[in-house]
Amino acid sequence: MPNEPVSSPPHRTRKQSAEEINRAMARFPVVVRILGELGSASIPFPGDDDIRHGCERALTTMLSELARIGSAPAGKPTKTEETAQNWLHIPEAGKLIDADKLQRTQQLIDCILNHPYEE
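As the structure is a computational prediction, the values presented were derived from the model and not from experiment. (Residues numbered from 1 in each chain as written. Predicted model: local features only at pLDDT ≥ 70, side-chain atom pairs only at ≥ 80, totals over all residues. Heavy atoms only, no water.)

## Focus: the overall build of the protein
- Counting secondary structure elements, the protein contains six helices and zero strands.
- Beginning at the N terminus, the succession of helices and strands in the protein can be written as α-α-α-α-α-α.
- Burial status across the protein gives 32% buried among its 119 residues.
- By sequence separation, contacts in the protein at least 24 residues apart represent 83% of the contacts at least 6 residues apart. (Helix = DSSP H or I, 4+ residues; strand = E, 2+ residues; numbered from the N terminus. Buried < 20%, exposed > 50% of the residue type's maximum accessible area, 1.4 Å probe, protein only. Contact = heavy atoms within 4.5 Å.)

## Re the packing of helix H2 (residues 28-40) against helix H3 (residues 48-67)
- Running from N to C, H2 and H3 cross one another at 155 degrees; their axes reach a closest spacing of 10 Å. In terms of their interaxial angle, H2 and H3 are classed as roughly antiparallel. Every pair of crossing elements has a handedness; the one defined by H2 and H3 is left-handed. Of the residues in H3, those touching H2 at Phe28, Val31, Ile34, Leu35, Leu38 and Gly39 are Asp48, Ile51, Arg52, Cys55, Ala58, Leu59 and Met62.
- Class assignment for the residues of the contact of H2 with H3 results in ten nonpolar, one polar and two charged. (Axes fitted to C-alpha atoms, helices over the stretch in contact; angles between N-to-C directions. Parallel < 35°, antiparallel > 145°, perpendicular 65-115°, else oblique. Left-handed = near helix turned anticlockwise from the far one by under 90°. Nonpolar A, V, L, I, M, F, W, Y, C, P; charged D, E, K, R; others polar.)

## Quick notes on the nonpolar core
- Of all hydrophobic cores here, the largest spans 26 residues; its most connected members are Ile21, Met25, Phe28, Leu66 and Ile97.
- Considering every element that reaches this core, the biggest residue donor is H3, with six residues.
- Apart from the residues within four sequence positions on either side, Phe28 is in contact with Leu59, Met62, Trp87, Leu88, Ile90, Ala93, Ile97 and Leu102. (Core = buried A, V, L, I, M, F, W, Y, C linked by side-chain atoms within 4.5 Å.)

## Focus on empty space enclosed by the protein
- For the structure shown, the criterion picks out one cavity of 30 Å³ or more.
- Where the lining of the largest cavity is concerned, the elements lending two or more residues are H3 and helix H6 (99-112).
- Here the lining of the largest cavity is composed, by residue class, of six nonpolar, one polar and one charged. (1 Å grid on protein atoms, 1.4 Å probe; cavity = no way out; pocket = protein on both sides within 12 Å on 5 of 7 lines; lining within 4 Å. Points joined across faces, edges and corners; volume = space filled by probe spheres on them.)

## Details of the packing of H3 against H6
- Two elements in contact, H3 and H6, have axes separated by 9 Å at closest approach and are oriented at 25 degrees. Comparing their axes, H6 and H3 come out roughly parallel. Classified by chirality, the crossing of H6 by H3 is left-handed. Contacts from Glu56, Leu59, Thr60, Leu63, Leu66 and Ala67 of H3 reach H6 at Lys101, Arg104, Thr105, Leu108, Ile109 and Ile112.
- The class makeup of the residues in the contact of H3 with H6 is seven nonpolar, two polar and three charged.

## A short note on the pattern of salt bridges
- Under the counting rule described, the total for this entry stands at five salt bridges.
- A salt bridge links Arg27 to Glu65; the shortest N-O distance between them is 3.7 Å. Here the residue Arg27 occupies a position in the loop between helix H1 (14-24) and H2, and Glu65 occupies one in helix H3, the gap between them amounting to 38 residues.
- Under the relative-accessibility criterion, Arg27 is labelled partly exposed at 38%.
- A salt bridge links Lys101 to Glu56, with the nearest nitrogen and oxygen atoms 3.0 Å apart. Linking Lys101 in helix H6 with Glu56 in helix H3, this pair joins segments that are 45 residues apart in sequence.
- On the basis of relative accessibility, which here comes to 32%, the residue Glu56 falls in the partly exposed class. (Salt bridge = Lys/Arg side-chain N within 4 Å of Asp/Glu carboxyl O.)

Rendered as structure tokens:
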């Protein structure tokens, strides 16, 4: 098919980009809650390490999914975008999840939504 035109990907809206972020981050509150429960146990139970490992894998998968989302076009922020920006504002997240992983997640979300990351 050498003479066939290469089609460009369909144009995405800001809302669609934010919806993709929200789908990628949907498990985040569950992961935080599970890690919180594991951290509050007075003694470790069999399988706790496996559950922690599963939570880490889920977080890594979320990062991977975010990395595949293209940048949103310029435009007026949407309500969906506000939700996408607030995923990491769960108070317990900073205590339970590696700070570097949280920072990288925020950087990816900001990059997708064209919000410069500030340290």
